[in-house]
Amino acid sequence: MGIPVFVFAGLLVHCVFLASIFDIYFTSPLVHGMTPQQTPLPPPGKRLVLFVADGLRADSLYELDSNGTSRAPFLRSILENTGSWGISHTRVPTESRPGHVALIAGFYEDVSAVAKGWKENPVEFDSIFNESKYTWSWGSPDILPMFAKGASGDHVYTFCYTAESEDFGAQDAAKLDTWVFDHVKSFFNSSRSNQTLYSALNEEKVVLFLHLLGIDTNGHAHRPNSREYKENIRKVDEGVKEIASMLENFYGNDGKTAFILTSDHGMTDWGSHGAGHPSETLTPLIAWGAGVNYPQRVASQFFEDNFLKEWKLENLKRLDVNQADIAPLMASLIGVPFPLNSVGTLPLEYLNNSAHFKAESMFTNAVQILEQFKVKMTQKKETTLSFLFTPFKPLSDSEQINLLKKTRLYIQQEKYDEAVSLCKTLINLALEGLSYYHTYDRLFLGLSIAMGFVGWTAYVILVIIKTHTNLTKAAQSHDKESTILLYGFAFVGLIIAFFLLIQTCPWTYYVYCLLPVPVWYAVVKELHVIQDLAAYLLSLPVGQSMGFLLICALGIEILVFSFFYRSTLTIGLLVFAGWPVITQLWVQAKTTALIWILLCMLLGIFPLMPVVGREPNIPLVIATGLLTLLISCSSLSSLCKSKNKYMNNEDLKVQFYQMLSIALSTYVVSSTHDSLQNKQGLPVFNQIISWTTLVSSSVLPLLSPTFLFQRLFSILLSLMSTYLLLSTGYEALFPLVLSGLMFVWINMEQEALQQYGLSLKPKLAVFNFSYATDIMQFRQLHLDDVRRSFFFVFFIVTAFFGTGNIASVNSFDPASVYCFLTVFSPFMMGGLLVLKVVIPFVLVSCAFEAVQVTTQLSSKSLFLIVLVISDIMALHFFFLVKDYGSWLDIGARYPSKQCENWSKRRTIFLLVILPIISD
């Protein structure tokens, strides 16, 4: 297989592997074709007002101030005197769009929405707004349009402020909520002179949705414990009071208006959300008005947390719900059909109605979820051979009929409690069945992909042995055997294709199931290489062979383990620090070995530090900028004193410009921080400097000298100027320490080569990248080259996760990008964060390229070993992926049951980044 074909095959295998992750684990759970279900009895309310205070934590609303008063007195009086309250438990990812989808549509968003920035509909779905007669909504342009766009007909109306208003550096983000309240008042005032609008507002099944973004914006900008965040809660409380009073007056106190206030997600103490910390997943829920229960006094109640005592609410019954349960609650209050895709269970304790109404509503809820189960089962049955189809036995057709008949009989006999109990059983079974059929093909597809990927990894190992070692002998061609082998595998492929065809499987199934055929054909074709390898291994002492394999396996497992516990990186770096001692390298290079040990230990401190963003430390960022300037000045001074003949005036100018860029970046970080602290926004001058620095950082290294260390130092200075602008704390030091270790690594590898007698020690100071490398000088792989490749993979993982999970695009601290922009823009901010993640990665990659060239190895040989290591790791993660849990929790654990460390991001990192580099 030629190099172009090999590269194409590698890219194809990895692209298929990556696509399979989405097809197997992250396909949309939604189905279509259900019949709308509506409670047959008249509802208690004609209209519903939904307040969603974006980013509002439950404790921030319910807790009392230091003086014993509530910061939301109106809402506190509601839950104490006229309404019901509790905690709404959200699911991760705790982002605005998934939270609103759960509230308004009743199901938990599938992750494909992240590709559209949580703004657009990846799939069509039903919602309370769609089922209403009219819906009017006010708020953010990031939230409202997605529900209007997904609605059938022209009955969902939106009123949004401009996207530029969502400015994290604004003087007062509470103005976003003031805008909503003012426009709602103006809207109702104008309706008195507009008969058409007035008549529509007085119809039944009307929804008014007020999306309040100020609290979330202030939380990001100033943190939830700030004065701004808490003051915003007061303003929201006053606004809710005014709107509720206005609506009661507008409708003549008819008692037909139901009110619900909740939040889409909470927020951590450091101002982020997206993960599964309790501060993010626990949101308030307060309901009052038409059809809502009054406060229930209790002597005592038990919850695992101690919030009731802290909030002084021990004697008021707390009614907790899952976030998706709010959608059926709203549907029941105003009599609209339950959203077709809702998986929420109606929280009956919030309803103030007859037992008959509650039983009928619960029955409607059960039938609505059962409809989804039946559609899902039918779809799977149609694409599976009858003798292979395994139904969900707990909810067979006969069991469905039995449960429905029994429930209806209980209602007719007025045994409402028994009917409700049966409905809950039916709902739980239907939800289990939905999950069963949604994951029906997961094992089959997973094994197919695994077979293909294992075959590919085996083939790469054989290619390494065949082309980059001296272990194999010249093979004799056996055309007849090759032809038989080809026909045999072709026949297997035809059998698989026929099997998929008669089941009318999607075309992607053909790709996943047929991929192993050509891959394993290529492996079996190299049978002579396998035989030579086996003969070589058998010729070695058993202890040596087993020891080598054990060390390789242990190293890979440590890399995998580091994705769950960042401290593993520290242990690995400490082991690396002992490498010169174990191999006796320190004898011939004491100074270099000592620096290596110190830098390994220093870099090992970073994984033990708190996750980046939780504790901003701008003075440390400024100090890092000054330290970088000091190092640059020292370097420039030494070059000038030595009168280096390889440096000219133009090269000195480039380094001077880079030093100026570092100085300007340091100034911009300090100036921007002070400006935002004083609520003066992002200075235009600072913004121009930041973007100019970003652009120039990719150009200046190309103008620098091509000598090894001078080029690498130029890359460091350019990238460091951008990294400083994206830093908020101790992570600013990380690239400096990492680069220092990389420079020492290059020298240490030269010492290792000399020790093994594989090469004469070249003069690294005058090594020039611009000279074409003579391929005749490339040597064959040595066992120690496996260690070099492992070092690279380990340093790459450290570069990504050494300072915490900075790779989490959906859960980062917006303060990281404040030097570039403060107006909310998910793709722009996400792109800048990706750049921050990539910078340490580039530094390690450049160092590895230097190691590869200076150790006289072809880039293909080392990267093939990297490919094997990363592919083995990827196979681990393939079977550990879960389709729920936080995208933040890589290398960190929170005390929350929802925090699943087996996250999709790890798999994407392994499946995309390392293999693509290697290919």
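Details of the structure are given in the entry above.
Rules behind the numbers
- Starting afresh in each chain, residues are numbered from 1 along the sequence in its written order.
- Only residues with pLDDT of at least 70 are given local features in this predicted model, and only at 80 or more are side-chain atom pairs given and counted; all residues enter the totals for whole chains, interfaces and linings.
- To obtain the side-chain values, all non-hydrogen atoms of the structure were included, while hydrogens and water were left out.
- Classification of residues uses two cut-offs on accessible area relative to the type maximum, computed with a 1.4 Å probe and protein chains only: under 20% is buried, over 50% is exposed, and between them is partly exposed.
- Strands are runs of DSSP state E lasting at least two residues, helices are runs of H or I lasting at least four, and both sets are numbered from the N terminus onward.
- For this document, the term salt bridge refers to a Lys or Arg side-chain nitrogen within 4 Å of an Asp or Glu carboxyl oxygen.
- Expected span of a helix: the number of residues minus one, times 1.5 Å.
- Here a residue-residue contact requires only that any non-hydrogen atoms of the pair lie within 4.5 Å.
- Throughout, nonpolar core names a set of buried Ala, Val, Leu, Ile, Met, Phe, Trp, Tyr and Cys residues whose side chains join them through atoms within 4.5 Å.
- Strands pair, by our definition, only if DSSP identifies at least two bridges between them.
- Axis geometry follows a simple rule: fit a line to the C-alpha atoms, using only the stretch in contact for helices, then measure angles between N-to-C directions, giving values from 0 to 180 degrees.

## Side note on unusual backbone geometry
Then, number 1: Phi at glutamate 414 takes a positive value of approximately 65°, unusual for a residue other than glycine.
Then, number 2: Look at glutamate 414 and you get exposed, because its relative accessible area is 58%.
Then, number 3: Here lysine 679, not a glycine, exhibits a phi torsion of approximately 60°, which is positive.
Then, number 4: Among the secondary structure elements, lysine 679 is positioned in the loop between helix 28 (649-677) and helix 29 (684-696).

## Here's the deal with the pattern of salt bridges
Then, number 1: Using the criterion set out here, one finds 26 salt bridges in the structure.
Then, number 2: Of the charged contacts, one joins arginine 57 and aspartate 59 as a salt bridge, the two residues approaching to 2.9 Å between their closest N and O atoms. Neither residue differs from the other here; arginine 57 and aspartate 59 are each classed as buried.
Then, number 3: Measuring nitrogen to oxygen at the nearest pair gives 3.0 Å for the salt bridge that ties lysine 235 to aspartate 172. On the criterion of sequence distance, the pair formed by lysine 235 in helix 10 (residues 227-250) and aspartate 172 in the loop between strand 4 (156-160) and helix 7 (175-191) is long-range, its members being 63 residues apart.
Then, number 4: Given a relative accessible area of 32%, lysine 235 falls into the partly exposed group.
Then, number 5: For aspartate 172, a relative accessible area of 31% corresponds to the partly exposed category.
Then, number 6: What you see here is one network of salt bridges that share partners, running through Glu63, Asp65, Arg71, Glu231 and Arg234.

## Focus on helix 29
Along an α-helix, residues three or four apart share an orientation, since each turn contains 3.6 residues.
Then, number 1: Counted at 1.5 Å a residue, the expected span for helix 29 with its 13 residues is 18 Å, and the 18 Å between its end C-alpha atoms agrees.
Then, number 2: Elements that come into contact with the buried residues of helix 29 comprise helix 28, helix 30 (708-725) and helix 33 (826-854).

## Section: the nonpolar core
Then, number 1: Core analysis: the largest hydrophobic core is formed by 91 residues, its most contacted members being Trp456, Phe576, Trp596, Trp745, Phe792, Phe795 and Met873.
Then, number 2: The greatest single-element share of this core, amounting to 12 residues, is contributed by helix 34 (residues 859-878).
Then, number 3: Among the nonpolar cores identified, the runner-up in size contains 68 residues, and Val156, Leu346, Ala366 and Ile411 belong to it.

## Describing the sheet that holds strand 4
Then, number 1: Spatially, 4-3-5-1-6-7-2-8 is the arrangement adopted by the eight strands of the open sheet, whose pairing is mixed. Of all strands in the sheet, those with a lone pairing partner are strand 4 and strand 8 (321-322), marking the two edges.
Then, number 2: In the sheet, strand 3 (residues 134-139) pairs with strand 4 via five bridges, with the strands oriented parallel. The residue of strand 4 that forms the bridge with glycine 139 is cysteine 160.
Then, number 3: On top of the sheet, helix 3 (residues 73-81) reaches strand 2 (84-89), strand 6 (257-262) and strand 7 (282-289); it is set at about 70° to strand 7, its chief contact.

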